[in-house]
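# Secondary and tertiary structure notes
These are the residues of each chain, in order.
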Amino acid sequence: MSSSPARAAGRTGVEHLDVLVVGAGISGIGVACHLRRELPGKSFAVLEARASLGGTWDLFRYPGIRSDSDLHTFGYAFKPWRDEQAIADGSRIRDYLRETATENGLDGAIRYHHGVRAASWSTERARWTVEVEHADTGESSTLTCDWLFAAGGYYRYDEGHTPEFEGRERFRGTIAHPQHWPDDLDHAGKRVVVIGSGATAVTLVPAMAGTAAHVTMVQRTPTYVLPVSRNDALAGALRRALGERRAHALIRRKNVFLQSAFFRFCRRYPKAARRLIRRLNARRLPPGYPVDEHFNPPYEPWDQRLCTVPDGDLFRAIREGGATVVTDRITAFTETGVALASGRHVEADVIVTATGLNVRVLGGIALTVDGAPVRLADTVVFKGLMLSGVPNLALAIGYTHASWTLKIDLIGAHFCRLLRHMDAHGLGVCRPEVADPAMPTRPLLDLGSGYVRRAVDELPRQGDRGPWLTSAHYRTDVRLLRDGAVPDPELHFR
């Protein structure tokens, strides 16, 4: 069933809803909660291709899976984070999302095994026709809606990225990708090689080092790694003194400020930021450790994502001898491990390819507008929310330099303001259009990470000015999305 009674679509018998939200992860649940709380009269459903909610936090089950942002900001503004862990384990985040869905009456609104394959907009009918594939039965069905909200994240759920490694088939041990972790993989007492240096790799290494014979992280290029406290002592004190909700607002503001201040510091003073991070690393590593070889990237802080390690667990694993970092290039897999360009060989019983994601916006939905296919690379993102030339479509793309959900909360609230504005003025359709076709554009995601570079030609663009410039700053977006006007000269209504 949907959140509110769906409208029948005349003689067709096709179910019609005001809003279809695609994806029941942290973004889709957040958007649906805003709809439930702010527009209770709207009919909506959340379509989820998998068998359970949670998105990333249900899909990824590798050892140590956790957030790399604090949950006071990675959680929702309307739902305080109560757990003592600020940098939280995946299971705790999954429980939080389930609790949020139940508290906001979404259990009956989420339709599992419903994967959206295509959506076509008809200007004549002023609605989307959505083709749904039922993963549990293999059948298909059709829905129509006034608005389509794509909240499925930014990467492919069905496959991760694994480069071609020569001799992979020769390896006699187990090879696993974190995105599809085998339930029966037992690494206790085994030699493990983790390939990669991103957030997943630095999470896996200390988590596996506790029981493995030894874990070696093989990285081609170092990453900035920042130790942070897993628990927020001030948060606990504020909750005791002020109560849960007042404390939540203060903790959230405090952490937003700290995230923003550190990001600005890194971008404005990159050399000083590099020195600070190096000093924090060296303090936690063994005396004489080659910090510059393994933890001094050739790029500036935040050119790529910066990794956090709670309580410095990665450095502790290295210091205690359970883990080793090797900076080198893999030339081939062998029967017993990996051969490196330097001539070294690392023995392994288990190889984990923590080599990244495959980016895919809109969950791979094939969009058409009046029969014409929508090529995402030809669109420009409006207010971080809509695509130029595409009517009544919204999308959820969070921050890459701060907690993802900070942006999702603002987008969900602004989307509800937009629908209220249209209802108040008797409007049914809105479509953003770039007024200046010569406006310079650049990639939507301003990161040099490999997963972004691989997909840059398939992603929407952003402009060089508002409302087409996608802000990476929370305070700027508060002014634009929460406090700013809904109407805009480049947003056309009818």
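Position labels on residues start from 1 in each chain and follow its written sequence. Since the coordinates come from a predicted model, pLDDT governs what is reported: local features require at least 70, and pairs of side-chain atoms require 80 or more to be given and counted, while whole-chain, interface and lining totals use all residues. By convention in this description, side-chain values take in all heavy atoms of the structure and omit both hydrogens and water.

### Here we look at the overall build of the protein chain
Working definition: helices are DSSP H or I runs of at least four residues, strands are E runs of at least two. Numbering for both runs from the N terminus. Summing up its helical and strand segments, the protein chain has 13 helices and 26 strands in all. The C-alpha atoms of the protein chain give a radius of gyration of 23 Å, which matches the 23 Å a tight globule of 494 residues would have. When its C-alpha atoms are laid out on the principal axes, the protein chain stretches across 70 × 55 × 50 Å. Within the protein chain, buried positions represent 54% of all 494 residues. In this analysis, two residues are considered to be in contact whenever any of their non-hydrogen atoms come within 4.5 Å of each other. Taking the intrachain contacts of the protein chain between residues at least 6 apart in sequence as the baseline, contacts between residues at least 24 apart amount to 70%. Under the convention used here, Asp and Glu are negative, Lys and Arg are positive, and both His and the chain ends fall outside the count. For this purpose, a charge sits on NZ of Lys, CZ of Arg, CG of Asp or CD of Glu. Between the averaged position of the 63 positive side-chain charges in the protein chain and that of its 55 negative side-chain charges there is a distance of 6 Å. For this measure, only C-alpha atoms enter the radius of gyration; the expected value for a globule follows 2.2 Å times N^0.38, where N is the number of residues. Burial classification: accessible surface area is computed with a 1.4 Å probe over protein chains only, and a residue below 20% of its type maximum counts as buried, one above 50% as exposed, and the rest as partly exposed.

### As for the environment of isoleucine 408
Here isoleucine 408 shows up in helix H11 (residues 404-424). Each C-alpha atom of the pair isoleucine 408 and alanine 151 lies 9.3 Å from the other, and the pair is 257 residues apart in sequence. The residues contacting isoleucine 408, other than those within four sequence positions of it, are Ser27, Ala396, Ile397 and Gly398.

### Re the pattern of salt bridges
Definition used for salt bridges: Asp or Glu carboxyl oxygen within 4 Å of a side-chain nitrogen of Lys or Arg. Tallying each qualifying case throughout the model produces 31 salt bridges. Note that glutamate 38 and arginine 420 form a salt bridge whose closest N and O atoms lie 3.9 Å from each other. On the criterion of sequence distance, the pair formed by glutamate 38 in helix H1 (residues 26-38) and arginine 420 in helix H11 is long-range, its members being 382 residues apart. Here arginine 92 makes a salt bridge to aspartate 89, at a shortest N to O gap of 3.7 Å. The exposure class assigned to arginine 92 is partly exposed, which follows from its relative accessible area of 28%. Here the residues in one salt-bridge network are Arg50, Asp58, Arg61, Asp95 and Arg98, joined through shared partners.

### With respect to the environment of leucine 469
The topology assignment puts leucine 469 in the loop between strand E25 (461-463) and helix H13 (474-483). Separated by 25 residues in sequence, leucine 469 and leucine 444 have C-alpha atoms that sit 8.8 Å apart. Ignoring sequence-local partners within four residues, the contact set of leucine 469 consists of Arg442, Gln462, Gly463 and Asp464.

### Considerations on the state of the cysteines
For this text, the term disulfide refers to a pair of cysteine sulfurs within 2.5 Å. Scanning the model with the defined rule gives zero disulfides in all. You can see cysteine 266 has no disulfide; the closest cysteine sulfur is in cysteine 307, sitting 13 Å from it.

### Some thoughts on the packing of helix H7 (residues 244-268) against helix H8 (residues 270-284)
Here an angle of 0 to 180 degrees is reported between the N-to-C directions of two axes, which are lines fitted to C-alpha atoms, with helices fitted over the stretch in contact. Packing of H7 against H8 leaves a shortest axis separation of 5 Å and a crossing angle of 115 degrees. Contact residues: H7 offers Phe262, Phe265, Cys266, Arg267 and Arg268, while H8 offers Pro270, Ala272, Ala273, Leu276 and Ile277. In this count, Pro and Cys sit with the nonpolar residues alongside Ala, Val, Leu, Ile, Met, Phe, Trp and Tyr, while Asp, Glu, Lys and Arg are called charged and the others, Gly among them, polar. Tallied by class, the residues present in the contact of H7 with H8 amount to eight nonpolar, no polar and two charged.

### A short note on helix H4 (residues 90-103)
What a helix should span is 1.5 Å times the count of its residues minus one. A rise of 1.5 Å per residue sets the reference length of H4, with its 14 residues, at 20 Å; its end C-alpha atoms lie 20 Å apart and thus fit the reference within 8%. Of the residues making up H4, those classed as buried are Gly90, Ile93, Arg94, Tyr96, Leu97, Thr100 and Ala101. For H4, the angular spread of the buried residues around the axis is 160 degrees, confining them to a single face. Along its buried surface, H4 packs onto H1, helix H2 (56-59) and helix H3 (71-74). Just downstream of H4, glycine 105 is the residue with a positive phi angle, here 70 degrees. The arc in question is formed by the directions pointing from the helix axis toward the C-beta atoms.

### A word on the pairing of strand E6 (residues 127-134)
Two faces belong to every sheet, and in a regular strand the side chains alternate between them. At least two DSSP bridges between two strands are needed for those strands to be called paired. Bridge analysis of strand E5 (residues 114-122) against E6 gives eight bridges, and the strand direction is antiparallel. Within E6, the residue paired with glycine 115 across the bridge is glutamate 133. Hairpin connection, E5 to E6: the antiparallel pair is bridged by four residues, and alanine 126 has positive phi, about 55 degrees. Across six bridges, the pairing between E6 and strand E7 (residues 140-150) is antiparallel. Note that in E7 the partner of glutamate 131 across the bridge is threonine 142.

### A look at the packing of aromatic side chains
Two rings from Phe, Tyr or Trp (for Trp, the six-membered ring) form a pair when their centres are within 6.5 Å of each other. A pair whose planes differ by under 30 degrees is stacked, one over 60 is edge-to-face, and the rest are tilted. Within this structure, the stated rule accounts for 21 aromatic pairs. The interplanar angle of 80 degrees and the centroid separation of 5.8 Å between the aromatic rings of tryptophan 57 and phenylalanine 74 together place this pair among those described as edge-to-face. Pair noted here: tryptophan 57 is in helix H2 and phenylalanine 74 is in helix H3, with a separation of 17 residues, a long-range link. Following the ring pairs from residue to residue traces out a cluster consisting of Phe60, Tyr62, Tyr154, Tyr155, Tyr157 and Trp404.

### Overview of the side chain of serine 403
Structurally, serine 403 is set in the loop between strand E22 (393-395) and H11. Polar contact criterion, stated in full: a pair of N or O atoms within 3.5 Å, where within protein one must be able to donate a hydrogen and the other to accept it, and residues adjacent in sequence count only if both atoms are side-chain atoms. Separated by 3.0 Å, the side chains of serine 403 and glutamine 259 make a polar contact. Contact partners of serine 403, with chain neighbours within four places excluded, come to Ser69, Asp70, Thr73, Phe74 and Gln259.

### Comments concerning the nonpolar core
Residues belong to a common nonpolar core when they are buried Ala, Val, Leu, Ile, Met, Phe, Trp, Tyr or Cys residues joined through side-chain atoms within 4.5 Å. Counting residues in each nonpolar core, the largest one holds 125 residues, and the members touching the most others are Leu35, Trp128, Trp147, Leu148, Phe149 and Phe295. Here this core takes 10 residues from H11, the largest share from any one element. Here leucine 148 is in contact with Leu20, Val22, Ala119, Trp128, Val130, Leu367, Asn392, Leu393 and Ala394, once residues within four sequence places are set aside.

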